[in-house]
Each structure stands twice: as C-alpha cells, then as structure tokens.
Amino acid sequence: MPGPVLLAVDDDPGSLKSVKSELGDRYSRDYTVICERSPERALATLETLAEEGSQVALVLAGEWLPGMSGGDLLGKVHQLHPHAKRGLLIHWGGWGDRATGEAIFDAMAHGRIDYYVLRPSTSPDEVFHQAVSSFLLEWSHSQRTAPHTIHVVGDSWSGRAYELRDVLERCAIPHAFCLADSPKGRELLAGAGDQPRLPLIVLPNGHILADPTDAEIASAAGAAVGPDSSDFDVVIVGSGPAGLSAAVYGASEGLNTLVADEGGIGGQATSSSLIRNYLGFPRGVSGGRLAEQAYEQAWVLGANFALMQNVCGLERADGRIRVTLSEHGPVTARAVILATGATYRRLGVPELEELNGAGVFYGGPASEAVGLAGLDVYVVGGANSAGQAALHLARYARRVTLVVRAQSLTAGMSHYLTRQIDATGNIDVRLRTEVVGGGGDGWLERLVLRDGAGADEAVSAQGLFLMIGARPRTDWLPAEVARDSRGFVLTGSDLGEDCGWPLERNPFLLETSMPGVFAAGDVRHGAVKRVASAVGEGSIAIQLVHRLVAEETLHPLPAA
Ligand SMILES: Cc1cc2nc3c(=O)[nH]c(=O)nc-3n(C[C@H](O)[C@H](O)[C@H](O)COP(=O)(O)OP(=O)(O)OC[C@H]3O[C@@H](n4cnc5c(N)ncnc54)[C@H](O)[C@@H]3O)c2cc1C
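A brief report on the enclosed structure follows. Because the structure is predicted, anything quoted here is derived from the model rather than measured.

**Regarding the overall build of the chain**
Link 1 in the chain: The helix and strand inventory of the chain stands at 14 helices and 28 strands.
Link 2 in the chain: Over its C-alpha trace the chain gives a radius of gyration of 25 Å, about what one expects of a compact globule, namely 24 Å for 560 residues.
Link 3 in the chain: Seen through its principal axes, the chain has C-alpha atoms that stretch 80 × 60 × 55 Å.
Link 4 in the chain: Every one of the 560 residues in the chain was classed for burial, and the buried ones make up 52%.
Link 5 in the chain: Taking the intrachain contacts of the chain between residues at least 6 apart in sequence as the baseline, contacts between residues at least 24 apart amount to 66%.
Link 6 in the chain: Entry remark: accessible area of the chain is about 24,700 Å², with carbon and sulfur atoms responsible for 50%.
Link 7 in the chain: Seen as two clouds, the 46 positive and the 66 negative side-chain charges of the chain have centres 3 Å apart.

Encoded structure:
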C-alpha cells in the first residue's frame with residue numbers, strides 16, 4: 001500500500017527538481033512523493049487524494065506561485081486534509097526580503113502555514129531534512145502513530161477510560177483510544193485473553209494492564225512514582241513549568257532535588273496544543289512536548305521524581321521541613337518550593353459534569369480535537385488559552401463557537417489571537433453569553449446558552465471545552481502559609497505585617513510566610529500565568545534556596 005503523501009508545489013523547475021530528489025532519495029521507502037508545478041494541479045491532486053481517503057502528511061509550497069501565493073494555497077490544505085503539515089518554501093535569505101517576511105508573518109498569524117522551509121541548496125541538504133523530519137514527527141504525533149504509542153481500549157469514551165487517557169496525557173505519554181467494539185479494539189482485545197477487564201491498556205512492548213490504577217499505568221510506562229530516599233535538599237511540589245524549571249536548576253546546581261506531583265508532568269501546560277510565545281521555539285511547541293523535554297532534562301541532571309503522589313502535608317520538624325506524599329509517606333527537606341499552579345473552575349451544571357470526558361472537557365483540546373472532525377464545538381473562556389483552543393479545534397471541527405462572558409475579546413486575549421480568530425471562517429464568537437445547561441445520551445449532544453439579556457437558546461453541540469478561570473489548589477497547606485482571599489500564596493513583599501512571619505530577617509522574594517517554603521508560578525499571588533514566567537520563577541526560587549542555606553548556616557533556626 002502506498003505510504004502517506006508528501007506533496008511539493010513550485011513553479012521554479014530547478015527548485016522543484018531538487019525538492020523532488022531530496023524528498024525521493026530520503027523518504028520514498030515510507031512515503032509517496034508527488035510534485036506539482038502549479039497551485040491548480042496541486043489542489044486537484046489534494047482533492048483526489050481526499051476522495052480516495054489517502055493520507056497527506058506534508059505539503060510544501062513555493063512562496064510565489066502563479067495566480068496564488070503559496071500561503072493561500074497552504075491555507076486551503078486543512079479543508080481537505082486536516083492533519084497535514086504545511087511548509088512555505090523560501091530561498092535562503094528570503095526572510096530578509098520584506099515581501100517574503102510579511103508573507104511568512106501573515107500566513108503564520110492566520111494559521112495558513114505551520115512554518116517556513118528553506119529550499120534545498122546542496123544535496124544532501126540536512127537543514128531541509130531537519131525541517132521535513134520535524135514536520136513528519138509532529139504529523140505522526142497528531143496521527144497517534146508515533147513509535148511507543150500506548151493503546152487504551154474502553155467500552156465508552158467517558159468514565160475510567162477518560163481518566164486513564166488523562167493520566168497518559170498528563171505524563172506526556174503518546175497514546176491512542178479505541179472503543180472495544182471497533183475493529184482496532186477487537187484486534188487488541190483478541191490478544192488479551194478471555195474477557196479482560198476494561199479499560200485495557202496495551203503497552204508498546206505488548207504488555208497488557210487490565211483496569212490499572214493511575215500509579216500502575218504511570219510506572220509501567222516508565223514514569224518514576226516513588227522517591228528512592230527520604231531526605232532532600234529541596235522538595236518541589238508540582239511538576240508544571242515552574243516545578244520542572246526549579247528541578248533543572250536545583251539538580252544542575254548540585255542540590256539533592258525531589259519533584260512530587262499528584263499527576264504526571266507538565267501541569268496545565270500539557271493541555272496547550274501550541275505555545276507560540278515561549279522563548280526559543282519560533283514555530284511553537286506543544287505543552288506536552290515542552291514538558292517531556294523538560295522532564296528529560298531534569299532527569300538527566302539528576303532530579304528525582306515522585307509522580308501520582310498527592311502532597312497533603314507540610315510542617316516544620318527538627319529544623320527541617322516535612323512534606324507528606326499520599327502514597328509514599330513523609331520526606332524531609334531543607335527547603336520546599338510550592339509550584340502547584342492552578343486549575344480551571346467547574347461550570348456547575350450537573351448534566352454537563354456527567355459528560356466529563358464524553359464531549360465535555362476541562363482545559364485544552366490536545367488529544368480530543370481529532371475525534372471532533374466535522375462536528376460543532378464550543379469553547380468557553382475569554383483568555384489566551386481559550387483562543388488557542390478555538391483555533392486548534394477549527395482545523396477539525398465544522399464550526400467552533402467561542403463563548404465569552406465579557407463584552408469584548410480584547411479584554412482577556414492577546415492581539416495576535418484575536419486577529420487569527422477574526423480571520424478564521426469557521427469560528428464564531430458569542431460575547432456576553434454563558435453556558436447554563438445541556439446534555440446528551442452518553443456523549444454531549446446539546447447546550448443551552450444564555451445571552452446578556454437573559455434569553456436562552458438550545459444549540460446542537462458535540463464538543464465543549466471549558467477554560468473559565470483559574471483557582472489555586474492550596475487548601476491542604478497549613479495556616480502558616482498565608483494566602484490571599486482567592487487562595488493564591490502570598491510571597492516576599494506581598495506578605496503583610498499580620499502574616500505571622502516569625503524571623504528577624506525579611507522574607508526572600510518568593511518566600512512564603514513559612515520560612516524555607518517558597519512559591520513559584522501560577523500558585524503565587526500576582527503571578528503572570530504564563531509558561532515563561534513560571535519557568536523564570538522556578539529558577540529564581542532555586543537561587544533563593546541557595547541564599548536560604550547560606551543564611552541558615554550563619555543563623556541556624558531554632559528546632560520547632
Ligand atoms: C490550554 C492552555 C493553554 C495555555 N497556553 C499558554 C501559552 O500559549 N503561553 C503561555 O505562556 N502560557 C499558556 N498557558 C498558561 C501556562 O500553562 C501556565 O501559566 C503554566 O502552566 C503555569 O505553570 P505552573 O508550573 O505554575 O503550574 P501548573 O502548570 O498548573 O502545574 C502545577 C502542577 O502541580 C501539581 N499539583 C497541584 N497540587 C498538588 C499537590 N497537592 N500535590 C502534588 N502535585 C500537585 C499539578 O498536578 C500540576 O502538575 C496555557 C494554559 C492552558 C491551560
């Protein structure tokens with residue numbers, strides 16, 4: 001059977017010839033390479049491939065084609081092949097030419113291309129191949145065909161099967177879901193013996209786990225679920241961007257570091273399908289990928305991890321700080337960094353709560369978008385995360401409606417996102433509107449929207465993504481850790497006179513009212529709620545731990 005298609009279109013015969021030979025030489029064993037000279041022929045070929053049901057992995061188009069720009073052509077690709085990656089071919093130095101530069105910015109801002117690619121200049125041209133293989137890796141992730149994919153087989157999309165998908169998502173582990181009565185499900189069940197308990201997990205090495213616990217599945221997939229020792233220089237609670245950054249800096253600076261998280265790695269960031277504003281990733285990076293890389297970086301530097309461990313206790317004991325992990329029990333440390341982030345508020349509509357995982361999702365659509373192809377989807381929220389979710393879903397869904405309580409989008413969303421939303425034909429925005437009801441039989445079927453005047457409207461909907469404001473999860477902290485009225489942790493100069501600070505010295509910048517306990521990232525009162533600021537605060541917290549150690553060496557604390 002011919003492999004997925006790599007299609008290139010360019011009107012410059014010399015350039016097309018070298019693209020064809022580079023693609024053919026390197027990829028023709030696994031992919032079908034097709035080259036076209038005009039945008040019309042390329043579109044006709046893409047239509048035929050869509051009718052045949054053939055997969056298109058990548059489309060490359062020269063920036064200036066006769067009668068149509070490469071960006072405009074690539075902008076049409078997702079209507080026919082929603083998963084295909086799209087690269088704009090440019091000449092070396094082309095970004096210095098104003099017209100090409102503007103074509104790239106415009107096409108990127110409006111989501112018409114994924115990135116640009118330099119035309120090959122020598123053979124082999126490894127720069128060209130690096131760009132192509134990055135596209136193919138991203139494509140294979142979106143297809144859930146990447147190597148080491150774990151399969152979840154369940155008898156419904158919701159319930160425990162959804163929770164297990166969520167655990168895998170939060171551990172940044174590639175996974176795919178299928179229903180037990182689908183052809184793939186039957187094939188996987190056939191290899192699992194007589195009547196296995198569902199949901200079933202099939203690991204890439206063929207091992208099978210029937211209805212595993214969260215810790216079992218994480219551990220089987222290679223995640224660290226328990227610490228090897230019980231005393232550390234620093235314990236970091238939470239492995240989102242702030243916690244992972246603190247882990248990288250802590251471990252690299254010689255501190256014996258433990259990171260504990262009640263779930264997997266990456267925190268909220270794993271629900272972001274494409275983070276475009278994080279330094280050093282010009283083509284954007286998915287939150288899952290960023291978390292995966294950061295975890296690996298912290299791990300090779302020597303950080304210890306304890307995943308699937310809810311941290312439920314924090315107290316001072318014998319000059320150290322004791323942290324209680326739900327499964328492992330207590331560990332002690334000289335310093336603790338709270339990097340527990342925040343979670344989205346619940347909608348509070350019982351009929352919709354019941355459909356959590358079955359069309360109703362809290363957070364972004366990282367793994368669910370593909371399953372919503374051709375359907376009507378709603379995103380609730382007015383911040384950047386909601387805007388990104390709507391744009392990502394618009395590639396698959398028939399229509400995406402962004403439901404916002406505020407009077408305008410500009411109040412909570414970056415300008416680049418509002419522009420992109422305006423320019424995306426299948427996104428509607430409903431301002432001054434709330435979701436007040438809905439339901440469905442096993443899967444979301446309808447919603448009830450209420451407008452600013454109080455009028456209700458029932459609409460058909462198969463997907464609902466809720467991104468309606470963050471709240472910190474700090475209820476478990478002792479009273480000594482002062483918080484604001486919403487539960488965010490107060491640090492440094494935000495600590496008032498009455499916060500109970502017990503020492504002569506002033507608290508350090510990110511230090512809480514409990515000496516030796518720091519807070520970094522979204523959990524902190526006044527935090528910016530961005531990946532970069534969480535990462536920055538994680539690294540600063542480690543510098544403050546060094547200062548604390550120096551200070552306590554000079555002035556030891558009295559044992560409690
Ligand atoms: C869909 C979406 C899209 C986004 N897009 C962007 C973007 O494009 N750019 C950008 O800059 N930012 C974006 N953000 C915001 C960004 O993800 C957050 O600001 C960032 O993740 C905060 O990092 P953090 O480490 O402080 O907290 P979190 O990411 O919230 O991580 C906190 C971790 O702590 C763990 N935890 C909590 N309580 C406990 C406990 N008691 N015991 C053990 N573990 C615990 C949680 O399981 C979690 O893993 C987005 C957010 C979302 C949801």
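Now, onward.
**Overview of the sheet that holds strand 11 (residues 208-210)**
Link 1 in the chain: The 4 strands are arranged 9-8-10-11 in an open sheet whose pairing can be described as mixed. Edge strands, defined here as strands with exactly one partner in the open sheet, are strand 9 (175-179) and strand 11. Pairs of neighbouring strands in the sheet enclose a mean axial angle of 20°, with direction left out of account.
Link 2 in the chain: Of the strand pairs in this sheet, strand 10 (residues 200-202) and strand 11 are connected by 3 bridges, and their pairing is antiparallel. Bridge pairing in strand 11 links L200 to A210.
Link 3 in the chain: Strands strand 8 (150-154), strand 9 and strand 10 of the sheet are contacted by helix 7 (residues 183-190), whose axis makes an angle of about 100° with strand 8.

**Observations regarding the pattern of salt bridges**
Link 1 in the chain: For the structure on display, the rule yields 26 salt bridges.
Link 2 in the chain: A salt bridge links E537 to R524; the shortest N-O distance between them is 2.9 Å. One end of the pair, E537, is in helix 14 (residues 531-554); the other, R524, is in the loop between strand 28 (517-519) and helix 14, with 13 residues separating them in the sequence.
Link 3 in the chain: Its relative accessible area of 9% is what places E537 among the buried residues.
Link 4 in the chain: Several salt bridges share partner residues, and in doing so they unite R160, E163, R197, D211 and D214 into one network.

**A few points about a positive patch on the surface**
Link 1 in the chain: A cluster of like positive charges, contributed by R345, R405, R471, R486 and K529, occupies part of the molecular surface.
Link 2 in the chain: Along the chain, R345 turns up in the loop between strand 18 (342-344) and helix 11 (350-353).

**Here's the deal with the nonpolar core**
Link 1 in the chain: Grouped together as the largest cluster of nonpolar side chains are 46 residues, with contacts concentrated most on I201, V234, I236, F305, I337, F518 and V545.
Link 2 in the chain: Of all the secondary-structure elements, those providing two or more residues to this core are strand 8, helix 6 (160-170), helix 8 (214-220), strand 12 (231-237), helix 9 (241-252), helix 10 (287-300), strand 17 (329-338) and helix 14.
Link 3 in the chain: Setting aside residues up to four positions removed in sequence, F518 forms contacts with A335, V336, I337, L338, F508, L510, E511, T512, L544, V545 and L548.
Link 4 in the chain: If you look at the next biggest cluster of nonpolar residues, it comprises 43 residues, including L23, L58, A61 and M108.

**Section: the sheet that holds strand 1 (residues 5-9)**
Link 1 in the chain: Pairing is parallel in the open sheet, where 5 strands are placed in the order 2-1-3-6-7. For this open sheet the edge positions go to strand 2 (32-36) and strand 7 (115-118), each flanked by a neighbour on one side alone. Between one strand axis and the next, the sheet turns through 25° on average, direction left out of account.
Link 2 in the chain: Here strand 6 (residues 85-90) runs beside strand 7; their pairing, made up of 4 bridges, is parallel.

**Things to note about helix 3 (residues 70-80)**
Link 1 in the chain: Within the span of helix 3, buried status applies to G70, G71, L73, L74, V77 and H78. Along helix 3, the residues classed as buried sweep out an arc of 160° about the axis, all on the same side.

**Overview of the pairing of strand 13 (residues 257-260)**
Link 1 in the chain: Side chains T257 and V259 of strand 13 all project onto a buried face; the interleaved residues L258 and A260 project onto the opposite face, where all are buried too.
Link 2 in the chain: For the segment spanning strand 12, helix 9 and strand 13, crossover handedness is right-handed.
Link 3 in the chain: In this sheet, strand 14 (residues 304-306) lies alongside strand 13 in parallel orientation, the contact comprising 3 bridges. Among the inter-strand pairings, L258 is bridged to a residue of strand 14, identified as N304.

**Re the packing of helix 2 (residues 39-52) against helix 3**
Link 1 in the chain: At a minimum axis separation of 10 Å, helix 2 and helix 3 run at an interaxial angle of 10°. Relative to helix 3, the element helix 2 lies roughly parallel. Within the contact between the two elements, helix 2 uses P39, A42, L43, L46, E47 and A50 and helix 3 uses L73, K76, V77 and L80.
Link 2 in the chain: Broken down by class, the residue content of the contact of helix 2 with helix 3 amounts to 8 nonpolar, no polar and 2 charged.

**A look at the side chain of S15**
Link 1 in the chain: Inspection of the secondary structure assignment puts S15 in helix 1 (residues 13-27).
Link 2 in the chain: Here S15 falls in the buried class, since its relative accessible area comes to 8%.
Link 3 in the chain: Within polar-contact distance, the side chain of S15 engages the side chain of R119 at 2.9 Å.
Link 4 in the chain: Not counting the four nearest positions on each side in its chain, S15 is found in contact with D10 and R119.

**Observations concerning the packing of helix 1 against helix 5 (residues 126-142)**
Link 1 in the chain: As a packed pair, helix 1 and helix 5 sit with axes 11 Å apart at the nearest point and diverge in direction by 60°. One element, helix 1, and the other, helix 5, form an angle in the oblique class. As helix 1 packs across helix 5, the resulting crossing turns out to be right-handed. Facing helix 1, whose interface residues are V19, E22, L23, R26 and Y27, helix 5 presents E126, F128, H129, V132, S133 and L136.

What counts as what
- Residues numbered from 1 in each chain as written.
- Predicted model: local features only at pLDDT ≥ 70, side-chain atom pairs only at ≥ 80, totals over all residues.
- Heavy atoms only, no water.
- Helix = DSSP H or I, 4+ residues; strand = E, 2+ residues; numbered from the N terminus.
- Rg over C-alpha atoms; globule rule 2.2 N^0.38 Å.
- Buried < 20%, exposed > 50% of the residue type's maximum accessible area, 1.4 Å probe, protein only.
- Contact = heavy atoms within 4.5 Å.
- Areas by Shrake-Rupley, 256 points an atom, 1.4 Å probe, with all protein chains shown as cover.
- Lys, Arg positive; Asp, Glu negative; His and termini not counted.
- Charge placed at Lys NZ, Arg CZ, Asp CG, Glu CD.
- Pairing = 2+ DSSP bridges.
- Axes fitted to C-alpha atoms, helices over the stretch in contact; angles between N-to-C directions.
- Salt bridge = Lys/Arg side-chain N within 4 Å of Asp/Glu carboxyl O.
- Patch = residues over 30% accessible without salt bridge, like charges linked within 9 Å, V, L, I, M, F, W, Y side chains within 5 Å.
- Core = buried A, V, L, I, M, F, W, Y, C linked by side-chain atoms within 4.5 Å.
- Arc of directions from axis to C-beta.
- Right-handed = clockwise from strand over helix to strand, strands pointing away.
- Parallel < 35°, antiparallel > 145°, perpendicular 65-115°, else oblique.
- Nonpolar A, V, L, I, M, F, W, Y, C, P; charged D, E, K, R; others polar.
- Polar contact = N/O pair within 3.5 Å; in protein donor to acceptor, adjacent residues only side chain to side chain.
- Left-handed = near helix turned anticlockwise from the far one by under 90°.

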